[in-house]
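# Residue-level structure breakdown
What follows is the residue order along each chain.
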Amino acid sequence: MPEYELSFSPSSSDDAGCCRLVELTPDLTKLLEEAIANEKEVNFSIKGHSNEDAFLCTADKTFAMRSVGLSNTVLVVTPVPDEHAADFADGTVVIRDQLNEIIELVPAVPKLHKLSTLTKDREYDEGQEEEDDEDRTRLTYEDALLQIQTSPAELDAGLKERRILVINNELRPMAPTYLTHLLELILNLLVSLSMKYTTAPVERLLSTLADEHEVSRAVSIQVMYWFGQVREGKWAMDVSAIVKELGLGILRDHRHEPIEKGELLAKWKSQVGDTFEKTVSLDLLSGNYIEAKSLGSDEVFLKYFPSSALPVDPAARFADLFLTRTKWKGEEITPFLSDIAVNSKERDKLLLKYCRTVTDAQGIRYTARAQYNG
């Protein structure tokens, strides 16, 4: 092993604090190694405002950046700068910085909840694509990518999941009632025009919606991508996705007044039609409702209770859940945690931290711990 003489850099006082060591995950290490071997470019972005934690974002993943203390000091050394080479013996390396911590990367849920705030009051409803107010601040896709701690792939998925359109280069959430109306139109057209839902002609659908129902082509094509795949001029409908959205359209009217389970299912099946009624299942609405029973009755009622309306902070999320119901079965509570945990392992950690288990006549239930350790 070669020996080196260590010396402090002439500019070491200016360089102090200039370096940070980031410990890469195995996946990121492999990504960089492959990129170097194939001479390809890899882009990472570090995001976060001054009052927020920092996140590292790749093309398709988001990582929280956490400081981890080291038991030993790490020295950052470099060759002697050319302008000072004459002042040092051969084989000398200079100390540029001393580190007592490294930055650990931990897979994290992207901060897509910010989309709701950033697009507030910009909901798109029927016939609004021509709106043009020069004094209004627009949120573009590029703006969202800069302001939100998320990767491009995760942002794309978030826009689709939240039904946010790109209209005149602006992000605008689609009004749920208009979305329901448009999906009903599409289902009716498939029947009236004798189109197969697996290979519906895209151009014919777009033209009919525009000419007969005054639906913007820019809106129609985005909705088709949300609810299916477009390939070679044909649209293959995602049956479960459309059936789910229509079910949510019925359920949304029952945030305060619950609807009887059988009544909901009957309305839902009627709305989707005979072809797709077998797809109707309450499992599709998981994480968007809670069950309630009426006193003196065995009938089950459903109340609209979307996880997207709950706080994103875990402690606040569990507080709201246990204010709503004091005991939860595992299969009941887990759908309300999927958007705040990156995987089932992290979800189980949250359950262990914020809940305790009790066993009663109905089996194992989760209840709130006496005190949260935030």
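Preceding this section is the structure that the text describes.
Residues numbered from 1 in each chain as written. Predicted model: local features only at pLDDT ≥ 70, side-chain atom pairs only at ≥ 80, totals over all residues. Heavy atoms only, no water.

## Some remarks on the nonpolar core
Spelled out, the test is: Here the nonpolar core consists of buried residues drawn from Ala, Val, Leu, Ile, Met, Phe, Trp, Tyr and Cys, with membership extended through side-chain atoms lying within 4.5 Å. Three exposure classes are used, based on accessible area relative to the maximum for each residue type with a 1.4 Å probe and protein chains only: buried under 20%, partly exposed in between, and exposed over 50%. Helix and strand assignments come from DSSP, with helices taken as H or I runs of at least 4 residues and strands as E runs of at least 2, each series counted from the N terminus.
One finds Met 174, Leu 182, Leu 190, Val 223, Phe 227, Trp 235 and Trp 268 to be the most contacted residues of the largest nonpolar core, which totals 48 residues. When residues of this core are traced back to their parent elements, those giving at least two are strand S7 (164-167), helix H6 (176-192), helix H7 (202-213), helix H8 (217-226), strand S11 (234-237), helix H9 (239-251), helix H10 (261-272) and strand S14 (300-304). Top element by residues in this core is H6. It accounts for nine residues.

## Some details on the pattern of salt bridges
Our working definition: Here, a salt bridge means any side-chain nitrogen of Lys or Arg that lies within 4 Å of a carboxyl oxygen of Asp or Glu.
As enumerated under the stated definition, the model contains 13 salt bridges in all. Salt-bridge contacts for Arg 317 lead to Asp 339; the nearest nitrogen and oxygen are separated by 2.9 Å. Taken together, the residues Arg 317 in helix H11 (residues 314-324) and Asp 339 in the loop between helix H12 (330-333) and helix H13 (344-354) connect sequence positions 22 residues apart. Take Arg 317: its relative accessible area is 0%, and that puts it in the buried class. The partly exposed category is assigned to Asp 339, whose relative accessible area is 32%.

## Quick notes on the layout of surface pockets
What counts here: Cavity and pocket criteria rest on a 1 Å grid covering protein atoms alone: a 1.4 Å probe that fits but cannot get out defines a cavity, protein on both sides within 12 Å along at least 5 of 7 lines defines an open pocket, and an atom within 4 Å of a point defines a lining residue. Grid points are joined across faces, edges and corners, and a volume is the space filled by probe spheres set on the points. Ten residues, namely Ala, Val, Leu, Ile, Met, Phe, Trp, Tyr, Cys and Pro, are considered nonpolar, four, namely Asp, Glu, Lys and Arg, are considered charged, and the remaining ones, Gly among them, are considered polar.
Considered as a void within the structure, the second largest pocket measures approximately 480 Å³ in volume. Around the second largest pocket sit 19 residues that line it, and Tyr 289, Glu 291, Arg 325, Lys 329 and Glu 332 are the ones nearest its centre. Those elements that place two or more of their residues in the lining of the second largest pocket are strand S13 (289-293) and H12. Take the lining of the second largest pocket: its biggest share by element is five residues, from S13. Its residues assigned to classes, the lining of the second largest pocket shows seven nonpolar, three polar and nine charged.

## Some thoughts on the sheet that holds S11
Quick reminder of the rule: Strand pairing is defined by DSSP finding a minimum of two bridges between the two strands.
With antiparallel pairing, the three strands of this open sheet are ordered in space as S9-S11-S10. Strands with a single pairing partner mark the edges of an open sheet, and in this sheet they are strand S9 (200-201) and strand S10 (228-231). Judged from the four bridges that link them, S10 and S11 form a sheet pairing that is antiparallel. Of the residues in S11, the one forming a bridge with Arg 231 is Lys 234.

## What to know about helix H5 (residues 152-161)
So the rule is basically this: Throughout, the arc means the angular range of directions from the helix axis out to the C-beta atoms.
Along H5, the residues that are buried comprise Glu 154, Leu 155, Gly 158 and Leu 159. All buried residues of H5 fall inside an arc of 140 degrees around its axis, so they share one side. Looking at the residues trailing H5, positive phi occurs at Arg 163, about 55 degrees.

## Observations concerning the packing of aromatic side chains
The line we're drawing: Ring pairs are drawn from Phe, Tyr and Trp, using the six-membered ring of Trp, whenever the two centres fall within 6.5 Å, and their geometry is named by plane angle: stacked under 30 degrees, edge-to-face over 60, tilted for the rest. For a lysine, the NZ atom is tested; for an arginine, the CZ atom; a charge sits over a ring if that atom is within 6 Å of the ring centre and within 35 degrees of the ring normal.
Throughout the structure, instances matching the rule amount to six aromatic pairs. Aromatic pair Tyr 197 and Phe 276: ring centres 5.1 Å apart, planes at 80 degrees, arrangement edge-to-face. With a gap of 79 residues between them, Tyr 197 in the loop between H6 and S9 and Phe 276 in the loop between H10 and S13 connect regions that are remote in the sequence. With a relative accessible area of 8%, Phe 276 lands in the buried category. Over the ring of Trp 328 we find Arg 325, and its NZ or CZ is 4.7 Å from the ring centre.

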